[in-house]
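# Reading the structure
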Amino acid sequence: MSEDPRGSFEGKHEFTVIGQPLPKIDAWAKVIGETKYADDLFLPRMAYGRLLRSPHGHARVGRVDTTRARALPGVYAVITGADLPRVRFGILPVSQDEEALCTEKVRMVGDAVAAVAAVDEETAERACRLIDVEYEPLPALMSIEESLAHPEVRIHEYGDGPNVHKNVSLQFGDIEAAFARADLVREDVFFFEGNTHLPMEQHAAVAAAGPDGKLTLWSSTQTPHYVHRLLAKILETPAAHIRVVATPVGGGFGGKLDPFAHEIAACRLSQLTGRPVKIACTREEVFYIHRGRHPVLMWIKTGFTRDGDITGCHLRTWLDGGAYGSYGVASTFYTGVINPVTYKMPVYKFEGARIFTNKPPCGPKRGHGTPQPRFALECQLDKAAEQLGLDPAEMRKRILAEPFTKTANHLTVTTIGLGECIDRVVEASGWRTKWRGFRSEGASTAPSEPPPEPGRAGGARARTRRGIGIACSAYLTGAGTAVYWNNMPHSGVILRADRSGGVAVLCGATDIGQGSDSILAYLPAEILGIDPKDVHVHPADTSLTPVDLGSYSSRVTLMCGMAAIQASQRLREVIAQAVARKLEVEPGALAFRERKVGVAADWERAVPFAQAVELAETTHGVLAFAGSYAPPKRAGKYKGGGVGPSPCYSYSACVVELSVDEETGEIELHDVWIGHDLGRALNPLLAEGQIEGSVYMGIGEALMEGQIFRKGVHKNPSLLEYKSPTTLETPEIHTFLVETDDPEGPFGAKEAGQGPLLPVIPAIANAVYHAVGVRCDEVPITPEMILKGLELRRQGRPARVGPARIPVFTFKAPVVVESAFGQPADAIAVRPFQP
Amino acid sequence: MMRLPPFTYLAPRTVADAAQALASHGAAAMLVAGGTDLYPNMKRRQFEPTVLVGLLAIRELRGVRGGAREGITLGSCTTLSAVAAHAEIAAHYPALAAAAGLVSSPQLRNMGTIGGNVCVDTRCNYYNQTYEWRKAVGFCTKKDGAICLVAPGSPRCWAVSSSDTAPVLWSLGARVRLHSPTGERTIPVEALFRDDGIEYLAKRPDEILTEILLPPADGWRSAYLKLRRRGSFDFPVLGVAVAVRMEGDVVRDARIVVGAVASQPRPAPAAAAALVGGRLTPELIARVSGLAAGPAKPLDNTDFTHPYRKKMTRVFVARALASLAGLAPAGWPAEEVA
Amino acid sequence: MKARLSLTVNGEAHDVLVPVHKTLLEVLREDLGLTGTKHGCELGECGTCTVLVDGAPVLSCLALPVDLAGATITTVEGMAEGGRLHPLQQAFAELGAAQCGYCTPGILLTAQALLADRPSPTRQEIREALAGNLCRCTGYTKILDAVELAALRIGVPR
């Protein structure tokens, strides 16, 4: 049998598990309330911890006196940064700038400076208020402009300049020549406000140190492997003596991807007290942990031919990074490097800068760095289409990227189902009639009738106008490189079968609700011809499971899936040999289905799967097989080429229909149609769920969510004031799965959990324009912005609301590379870890 | 997890016992019914009472009596859900049913009471924050501090009256019964409020709000419209209550009260007077809504910008009146029209 | 101040001795070991901690056990009867209405109260009934679908 992970399954469409709308394997535990999240763990003798956080946005830390706190009855231990090794850490090797408990400086309101373990949470909280910290306040820089204007106030000593964390510049081809070729060149400025993940589960961790010096951490983390690595460094404890277990995660969206102060403090407190220690963060603390969507200011200049072709694009982004590096270097690149993947963009220049500010650090939220430029580009396309007199849906279809080619910035694109995605949403939404019909004058111009002044009509006339908008996007299916450089597998699976007929899957992947545990059951079940119920998945335990890098960058289904397929193939081969010997046929003549292994052409001779395993166990010994996966090495051969490559890219198209109330500026969404090219739906229910959730999150970002600050503090750190859409703001979502059977993915699958968020936001902005003729070049789009735009229209001025200026800033001289646009994709290389 | 600070809990069975308990513990004690306002505030350490006098065990405080013809009496501990779902109220005092049904979320309405909503603490986004947050920004005059962070030059607190039902009850001409160890009194609901973010209630600390009395419906029509970001959870950042009594198509009497734009509900008597004797035409409604927006003085301490809230006052008054005039065109958010 | 209380949870009587300021949420999770009831804010702003008291959905983070003597409390652990899932639980599992699963217990109980009151709700009525339960994973779509499916099955028992 073939060792090609796709093996005999290439092109096969008769699946029994794949493609079926099965319940998730963990659904039953979740609906009966049995699933144990981190805060549901209660261990004997467990102490409760709490962090003391800084009330200052920027200050030097002087003396920290814990005497009074330690004297409080019920307090087991109080620690400060002095009780931890003096090492700085960070998720990226290039940004080692964090301390679990700050010793020299605090850089934001919410930075932790001390931690308490006590008999209960109330006592720990009381003890925190008894810790005396001397602060010497420094100016807090709360915006990009302030940070650039005050180089003398440095938030960090490292970076690409005072308060500049990262400054990048890449150029692919001759951008000025590209603009010279264009019939229309547009320059636009956009702003995308920051927002946060807001998982319903607040972060929590339980640490238990043993007298043997070994340590276990149970945590609501998306990346047990990275936490494991960094705990070893931070605690100066051998990694071999640390076990990190990711508990089922109650929502992540990228917010549980870094190692955090509460995890580290829980570990240290447990080491000191000899008790298990739990630290469960409050909702407000989760807003300070953040690592969410960067606020990004963008300037984008694009050249178009009169037919709508893009001649070249130049994008500049300024990211408000917050107080620490986190994934910010990657975030900065991601605001640039994925743009050329969607449409034919032969020449591309990208300049990006991440600026430190005294706010909670931004990082990777669903779509990591890409929703912001996607908003800018898709809104600009809408404006260009209008100027060129083109239907924006047709214009997009015309300029789709070519499958199996390279982009200007040397990314290899494989399958592209975007054309079909557009067709599906255009058809289902009635785009053609609505796009022309909602406007009384029937042209693709703004409504000509001036809007009424609020309240002057005496409540007697129709005030809402309908609009429809479209946008598209692409997203990666797993980052091509790990966050630290290495040549090891990105994911691994161990499969164990025994005479019971049951199969165990061990994998480091973390189920954050997306269903990765289920995928790890479905793939072996399909290949071994058994029921997913026969498969027992053991995930995310660093002392038990092979390393998986974590649940981020939409990498899990593809990478764990490929590893699981490889392990399953290996198991299947050994079972097939044993059964073939018994039945006296060639292994190739056997089929695995219906919990049996038998001669495909003579199914009467099939043996039950458990018996087949028994035969194999008899001849082979214990049946345990490993599968490994690492993505193809396709990084562009230039500095910075490591961010952006992915085995394959998903594509999405979105149409939104909405109404705008011209008197109140309120927007009501009616329907969202979303087509998503996911390669193959391994389970359509789960895929739809990921897409619907992405649409939902996009709606929140487009219309109401914002991580905003006032007087140096977070303005709305609560579930009441940080506005997350309810059932009443979420419209009907119509999902269309488009399958392209990508050669890179497990059974052809690509990602579905992040990409579909991207087009929703610009589709809403474009629909708002279609409805009332107001260009909102900033999100979230608020009623106030709509009214401001309508007022501009009344005055006969351009009805555009958004940022007016860009910062005075010098980007680096660009790394200039030839454009690889249109070159054929590299052949799929021999994969790593194949025998 | 956010937790309550320790306290002693008393659960009297009668109003008299409750009043006695309240009086005997003085300033250390607070009343609590549904707890949906007080407990979050206590968890954030905005209030630190050491004694709570719970009203939920007092049977006489629950329920709705009477009818539209003679007037309705609501026990102050009747839940908001019960008020919203009450057929007689929905038919004859629709603004009240609407307002009760628009408070926060379904779960919260099953717990929160009409009396609690009338007396709900004033709100401000510098104030409804945790102790640590307030410490970081600097404590304000309403709790632990000396200045108002919304209007630092002002000697007073500008926290916002955030009741949905109070402006409606005011517009309906409701009265409230207050019970204390020294006796009972019944006052117009408007006399319950003061224009101060801290001392926003005119009732004495030892008084318990026991009943809300609605006058006979007597041909009055009413409507309530609420501005907020989401259709659930959110407090009003503008609430418009209008009530008119018609003879044929002529307005004989009218009241307009605007909520969530000041530290107490704001009546708009000039606007109401301008309605009387007229017909609810778009022209009259436009003129009146302009007048009604005058008393609204929102500041920058809630969701949305305050100029927007001010601007929307005119729109919402116009829409509320239009709905009473039967002018309401399709396309309104149905849930916000009573 | 501690109080000795008898709480009826999921049909079982529990005698507990707890500080009066401990909320129902805390007592369920920490004293009775019923961790199926989750929490997202503890301030009444998300609906995650919803349980049923005498059949009505309430926020356990804002309820005091001392007020609930004699009341019937139902948590997610009490929805299945004799090992048989409630039709809502079955439908949520089958349709993928639980993603991370954290808001699921509160939504299941809220929906159970809805269906008890209104066996054939419209989609808009389901939206309104669930407007006090935030979910960040699903976009609510599969949740609405699952409540509709459960309603159908309850109406026409299989």
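Residues numbered from 1 in each chain as written. Chains lettered and ligands numbered in written order. Predicted model: local features only at pLDDT ≥ 70, side-chain atom pairs only at ≥ 80, totals over all residues. Heavy atoms only, no water.

## Quick notes on the overall build of chain A
We apply this condition: Helix numbers and strand numbers start at the N terminus; a helix is a DSSP run of H or I with at least 4 residues, a strand a run of E with at least 2. When we talk radius of gyration, it's over C-alpha atoms, and the globule rule is simply 2.2 Å times the number of residues to the 0.38. Only protein chains enter the accessibility calculation, which uses a 1.4 Å probe; a residue whose area is less than 20% of its type maximum is buried, one above 50% is exposed, and one in between is partly exposed. Whether two residues touch is decided by their heavy atoms; if any such pair falls within 4.5 Å, the residues are in contact.
What chain A contains, in helices and strands, is 19 helices and 34 strands. On C-alpha atoms alone, chain A measures out to a radius of gyration of 28 Å, which is about the 28 Å that the 2.2 N^0.38 rule sets for 835 residues. The C-alpha extent of chain A, read off along each of the three principal axes, is 85 × 75 × 55 Å. Burial statistics for chain A: of 835 residues in total, 70% are counted as buried. Within chain A, contacts between residues separated by at least 24 positions form 80% of all contacts whose residues are at least 6 apart in sequence.

## Here's the deal with the overall build of chain C
To be explicit about the condition: Accessibility throughout is a Shrake-Rupley quantity obtained with a 1.4 Å probe, and a residue counts as covered only by protein chains that appear here. As used throughout, the charge tally considers Lys and Arg to be positive and Asp and Glu to be negative, leaving His and the chain termini uncounted. All charge positions are set by atom: Lys at NZ, Arg at CZ, Asp at CG, Glu at CD.
When helices and strands are counted, chain C shows five helices and five strands. Beginning at the N terminus, the succession of helices and strands in chain C can be written as β-β-α-β-β-β-α-α-α-α. For 158 residues, the compact-globule estimate of 2.2 N^0.38 gives 15 Å, and chain C sits close to it at 15 Å. Put simply, chain C has 158 residues, and 66% of those count as buried. The contacts in chain C between residues at least 6 apart in sequence include a share of 51% that link residues at least 24 apart. Total accessible area on chain C stands at roughly 5,100 Å², and carbon and sulfur atoms take up 51% of it. Averaging the coordinates of the 13 positive side-chain charges in chain C and doing the same for the 17 negative ones gives two points 6 Å apart.

## Comments concerning the interface of chain B and chain A
We apply this condition: By definition, the buried area sums, over both parts, the 1.4 Å-probe accessible area that each loses when the two are put together. Think of a salt bridge as a Lys or Arg side-chain nitrogen and an Asp or Glu carboxyl oxygen that are within 4 Å of each other. For this classification, the nonpolar set comprises Ala, Val, Leu, Ile, Met, Phe, Trp, Tyr, Cys and Pro, the charged set comprises Asp, Glu, Lys and Arg, and every other residue, Gly included, is treated as polar.
On the side of chain A, 47 residues touch chain B, which itself brings 47 residues to the contact. With both chains or domains summed, chain B and chain A bury close to 3,900 Å², and 52% of this area falls on carbon and sulfur atoms. Inspection of the chain B/chain A interface yields six salt bridges. Residues Arg319 of chain B and Asp661 of chain A are paired through a salt bridge, measuring 2.8 Å at the closest nitrogen-oxygen approach. Where the side of chain B that touches chain A is concerned, the elements lending two or more residues are helix H8 (131–137), helix H11 (282–293) and helix H12 (306–324) of chain B. Here the side of chain B that touches chain A takes nine residues from H12 of chain B, the largest share from any one element. Of the residues that constitute the side of chain B that touches chain A, the class distribution is 26 nonpolar, eight polar and 13 charged.

## Notes on unusual backbone geometry
Residue and element names in this part refer to chain A. For the peptide bond that leads from Val779 to Pro780, omega is 0 degrees, which places it in the cis range. Here Pro780 shows up in the loop between strand S32 (778–779) and helix H19 (783–794). For Ser553, which is not glycine, the phi torsion reads 50 degrees and is therefore positive. One can find Ser553 in the loop between strand S21 (535–539) and helix H15 (556–583).

## Section: helix H18 (residues 760–772) of chain A
All names here are of chain A. Stated precisely, the cut-off is as follows: Expected helix span is taken as 1.5 Å per residue step, with the number of steps being one fewer than the number of residues.
Its 13 residues give H18 an end-to-end C-alpha distance of 18 Å, which sits within 8% of 18 Å, the value for a rise of 1.5 Å per residue. Most of H18 is tucked away, with 13 of its 13 residues classed as buried. The first or second residue beyond H18 is Gly773, which carries a positive phi of 75 degrees.

## A closer look at the sheet that holds strand S6 (residues 132–137) of chain A
In a beta sheet, neighbouring strands are held together by backbone hydrogen bonds and run either parallel or antiparallel to one another. Residues and elements named next belong to chain A. Definition in use: When DSSP finds two or more bridges between two strands, those strands count as paired.
Taken together, three strands build an open sheet; the order of strands is S4-S2-S6 and the sheet is antiparallel. If you trace the sheet from one side to the other, it starts and ends with strand S4 (105–106) and S6, each paired once. Bridge analysis of strand S2 (residues 59–65) against S4 gives two bridges, and the strand direction is antiparallel. Of the residues in S4, the one forming a bridge with Ala59 is Val106.

## Considering the packing of H11 of chain B against H12 of chain B
All names here are of chain B. Stated formally: Working convention: axes come from line fits to C-alpha atoms, limited for helices to the stretch in contact. Angles between N-to-C directions cover 0 to 180 degrees. Throughout this description, any angle smaller than 35 degrees is read as roughly parallel, any larger than 145 degrees as roughly antiparallel, any in the 65 to 115 degree range as roughly perpendicular, and the remainder as oblique. The sense of a crossing depends on the near helix, which, turned anticlockwise from the far helix by less than a right angle, makes the crossing left-handed and, turned clockwise, makes it right-handed.
Following both chains from N to C, one finds H11 and H12 inclined at 140 degrees, their axes separated by 8 Å at the closest point. Between H11 and H12, the interaxial angle falls into the category oblique. Of the two possible hands of crossing, H11 and H12 adopt the one that is right-handed. Judged by residue contacts, Ile285, Ala286, Val288, Ser289, Gly290, Ala292 and Ala293 of H11 engage Lys310, Thr313, Arg314, Val317, Ala318, Leu321 and Ala322 from H12.

## Brief notes about the packing of aromatic side chains
Convention followed: Side-chain rings of Phe, Tyr and Trp (the six-membered ring for Trp) are treated as a pair once their centres are within 6.5 Å; stacked means planes under 30 degrees apart, edge-to-face means over 60, and tilted covers the remaining angles.
The full count for this structure, using the stated rule, is 17 aromatic pairs over all chains. Where Tyr37 of chain A meets Tyr102 of chain C, the ring centres are 5.1 Å apart and the plane angle is 90 degrees; that geometry is what we call edge-to-face. One end of the pair, Tyr37 of chain A, is in the loop between helix H1 (27–31) and strand S1 (47–53); the other, Tyr102 of chain C, is in the loop between helix H2 (87–95) and helix H3 (104–117), on a second chain. With respect to burial, Tyr37 of chain A and Tyr102 of chain C carry one shared label: buried. For the ring pair Trp318 of chain A and Phe811 of chain A, a centre distance of 5.5 Å and an interplane angle of 50 degrees mean the geometry is tilted.

## Describing the interface of chain A and chain C
To keep things clear, this is the line we draw: Throughout this description, a polar contact denotes any pair of N or O atoms lying within 3.5 Å of each other; where both atoms belong to protein, one of them has to be capable of donating a hydrogen while the other can accept it, and for residues adjacent in sequence the pair is counted only when both atoms sit in side chains.
Of the residues lining the interface, 51 residues belong to chain A; the matching set on chain C comes to 45 residues. Carbon and sulfur atoms supply 55% of the area that chain A and chain C bury against each other, a total of about 4,000 Å² over both sides. Three residues, Val31, Met200 and Thr727 of chain A, lead the burial of chain A against chain C; their summed loss comes to 19% of the area buried on that side. The tally of links from chain A across to chain C stands at eight salt bridges. Counting every contact that joins chain A to chain C gives 35 residue pairs in polar contact (both at pLDDT 80 or more). Elements supplying a minimum of two residues to the side of chain A that touches chain C: H1, helix H17 (684–703) and strand S30 (732–739) of chain A. Of all the elements, H17 of chain A adds the most residues to the side of chain A that touches chain C, at eight residues.

## Describing the sheet that holds strand S18 (residues 464–476) of chain A
All names here are of chain A. Here we have four strands laid out as an open sheet, ordered S18-S26-S27-S30, and mixed in their pairing. Strands at the two margins of the open sheet, each flanked by one partner only, are S18 and S30. On average, each strand axis in the sheet is inclined to that of its neighbour by 15 degrees, with strand direction left out of account. Two strands pair when backbone bridges link them, and strand S27 (residues 667–679) and S30 are joined in this way by eight bridges, in the parallel orientation. Paired with Gly675 across the bridge in S30 is Phe736.

## Regarding the domain arrangement of chain C
By a widespread convention, an interface's size corresponds to the accessible area lost as its parts come together. Residues and elements named next belong to chain C. The line we're drawing: Source of the domain bounds: an automatic or database domain assignment.
Domain assignment breaks chain C into domain 1 (2–78) and domain 2 (87–155). In this structure, domain 1 and domain 2 have C-alpha centres spaced 21 Å apart. Taken together, the contacts link 15 residues of domain 1 with 13 residues of domain 2. Here domain 1 and domain 2 share an interface that buries about 1,100 Å² over both sides, 65% of which is from carbon and sulfur atoms. Summed over the shared surface of domain 1 and domain 2, the number is three residue pairs in polar contact (both at pLDDT 80 or more). Residue composition of the side of domain 1 that touches domain 2, by class: five nonpolar, eight polar and two charged.

## A closer look at helix H6 (residues 224–235) of chain A
Residue pairs three or four apart in sequence face the same way in an α-helix, which turns once every 3.6 residues. Residues and elements named next belong to chain A. Here H6 spans 16 Å end to end across twelve residues, near enough to the 16 Å set by a 1.5 Å rise per residue. With respect to burial, H6 is a largely interior element, ten of its twelve residues being buried. Of all the positions in H6, only Pro224, His225, Tyr226, Val227, His228, Leu230, Leu231, Ala232, Ile234 and Leu235 are classed as buried. Looking at the buried residues of H6, the elements they touch are strand S10 (215–219), strand S11 (242–246) and helix H7 (261–273). Glu236 occupies a position one or two residues after H6 and carries a positive phi of about 50 degrees.

## Some thoughts on the confidence of the model for chain A
Residue and element names in this part refer to chain A. In plain terms, the rule: pLDDT: the predictor's confidence for each residue, scored from 0 to 100.
Looking at chain A, the pLDDT average stands at 95 and 95% of residues meet or exceed 70. Scored below 50 in pLDDT, residues 1–11 makes 31 contacts in the model with residues more than four places away or belonging to other chains. In the model, residues 440–445 has pLDDT below 50 throughout and makes nine contacts with residues more than four positions away in sequence or in other chains.

## Some remarks on the nonpolar core
Put simply, the test is: We define a nonpolar core as any set of buried Ala, Val, Leu, Ile, Met, Phe, Trp, Tyr and Cys residues linked to one another through side-chain atoms lying within 4.5 Å.
Residues Leu658 and Ile764 of chain A, Ile256 and Leu275 of chain B together with Phe92 of chain C are the most contacted members of the largest nonpolar core, which totals 232 residues. Of all the elements, H12 of chain B adds the most residues to this core, at ten residues. Each residue touching Phe92 of chain C, except ones within four places of it in the same chain, is listed here: Val31 of chain A together with Ala97, Ala98, Thr104, Ile107, Leu108, Ile143, Ala146 and Val147 of chain C. Within the second largest apolar cluster, 76 residues are counted, among which are Phe7, Ala68 and Leu80 of chain B together with Ala71 of chain C.

## Let's talk about the side chain of Thr37 of chain C
Note that Thr37 of chain C resides in the loop between helix H1 (24–31) and strand S3 (50–53). Leaving out residues up to four positions away in the same chain, Thr37 of chain C has contacts with Leu25, Leu28, Arg29, Cys49, Val51, Ser60, Thr75 and Glu77 of chain C.

## With respect to the environment of Val660 of chain A
Assignment of secondary structure puts Val660 of chain A in strand S26 (residues 649–661). Excluding anything up to four places from it in sequence, Val660 of chain A contacts Arg463, Thr464, Arg465, Glu666, Ile667, Val768, Ala771, Val772 and Ile786 of chain A.

## A few points about the pattern of salt bridges
The full count for this structure, using the stated rule, is 85 salt bridges over all chains. Glu594 of chain A is the salt-bridge partner of Arg593 of chain A, the closest N and O atoms lying 3.3 Å from each other. With relative accessibility at 30%, the residue Arg593 of chain A sits in the partly exposed group. Through salt bridges with shared partners, one network takes in Glu121 of chain A, Arg3 of chain B together with Lys22, Glu26, Glu30 and Asp31 of chain C.

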